[in-house]
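What the coordinates show
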Amino acid sequence: MVWNKRTDLSEKVNNRGVTTIVVVCAMAIIMALSLSLFLTASVMMQESGKSAAKEQSRILAVSLSKQLEQQLTGGETVFANREGEIADKVQSGYGTSLWHYIKQNISDGSWPYYEEQGTWLHNRENAIRSFTMDNSGIASEIATTEISLYWTKKEEGIPESLIVETSVTVKGQSCTITDIYELEVTGESYETWKWKHAERK
């Protein structure tokens, strides 16, 4: 009888041991599942954040691209004579407009045209002008903006097309909008430059 009691006691101890192992295993599984769910949620939030940042950068890039288009193609940039052009340039004061900057630097020969297979003078390093915009307010806290410009030659001193690349980066996610403009030149004693927006991509 004593032997039987010891056997019963041994079985109880074994059962408790098995139960403890089962509980520990169950807890481990629950913890693993919880960790897995946490990691999944974290990845989903991260991907959602990237998607939101990507969309923000696209919206800002498109908005800025349209503002630059207005500066280049607006009616106020078409002048009947040289005096009108000079007067507008003086009126703009310290901040030379994009239109005036482009015409002046192309006309005076200080800005070489871009040619993919051209000489060193017409390679990307020398022909592409890049500017980092000085954002203010909330925009400066969430985005960085860069504008790159280059032109291709139609004839000496006269552009065939102007390419404007607008890049906006929000939280590491970037979007670049490329605008292509074509130039219409009219007049003899005074050449009137009129940019036309040809394509946005």
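One can find the structure itself at the top, above this paragraph.
Residues numbered from 1 in each chain as written. Predicted model: local features only at pLDDT ≥ 70, side-chain atom pairs only at ≥ 80, totals over all residues. Heavy atoms only, no water.

**Focus on the environment of Lys103**
Within the element layout of this structure, Lys103 appears in helix H3 (residues 98-107). Owing to a relative accessible area of 9%, Lys103 belongs among the buried residues under this scheme. Not counting residues up to four positions away in its chain, the partners in contact with Lys103 are Glu85, Tyr190, Glu191 and Trp193. (Helix = DSSP H or I, 4+ residues; strand = E, 2+ residues; numbered from the N terminus. Buried < 20%, exposed > 50% of the residue type's maximum accessible area, 1.4 Å probe, protein only. Contact = heavy atoms within 4.5 Å.)

**Some thoughts on the environment of Glu191**
Considering the arrangement of structural elements, one finds Glu191 in the loop between strand E4 (173-186) and strand E5 (192-200). For the pair Glu191 and Arg82, spaced 109 residues apart in the sequence, the C-alpha separation amounts to 8.4 Å. Every residue in contact with Glu191, bar those within four places of it in the chain, is listed here: Lys103, Ile158, Val185 and Thr186.

**Notes on unusual backbone geometry**
For Lys171, which is not glycine, the phi torsion reads 50 degrees and is therefore positive. With respect to the helices and strands, the residue Lys171 is situated in the loop between strand E3 (158-170) and E4. A relative accessible area of 68% places Lys171 in the exposed class.

**Re the nonpolar core**
Residues Leu72, Ile102, Trp111, Leu162, Val164, Trp193 and Trp195 are the most contacted members of the largest nonpolar core, which totals 21 residues. When residues of this core are traced back to their parent elements, those giving at least two are helix H1 (2-73), H3, strand E2 (143-155), E3, E4 and E5. It is H3 that contributes the most residues to this core, four residues altogether. Sequence-distant contacts of Trp195, that is, excluding residues within four places in its chain, are made with Leu72, Thr73, Trp99, Ile102, Pro159, Leu162, Tyr181, Glu182 and Leu183. (Core = buried A, V, L, I, M, F, W, Y, C linked by side-chain atoms within 4.5 Å.)

**Topic: the side chain of Glu85**
Within the secondary structure, Glu85 sits in helix H2 (residues 82-92). What makes Glu85 buried here is its relative accessible area of 13%. Side-chain polar atoms of Glu85 contact the side chain of Tyr190, separated by 2.5 Å. Setting aside chain neighbours within four positions, we find Glu85 in contact with Phe79, Trp99, His100, Lys103 and Tyr190. (Polar contact = N/O pair within 3.5 Å; in protein donor to acceptor, adjacent residues only side chain to side chain.)

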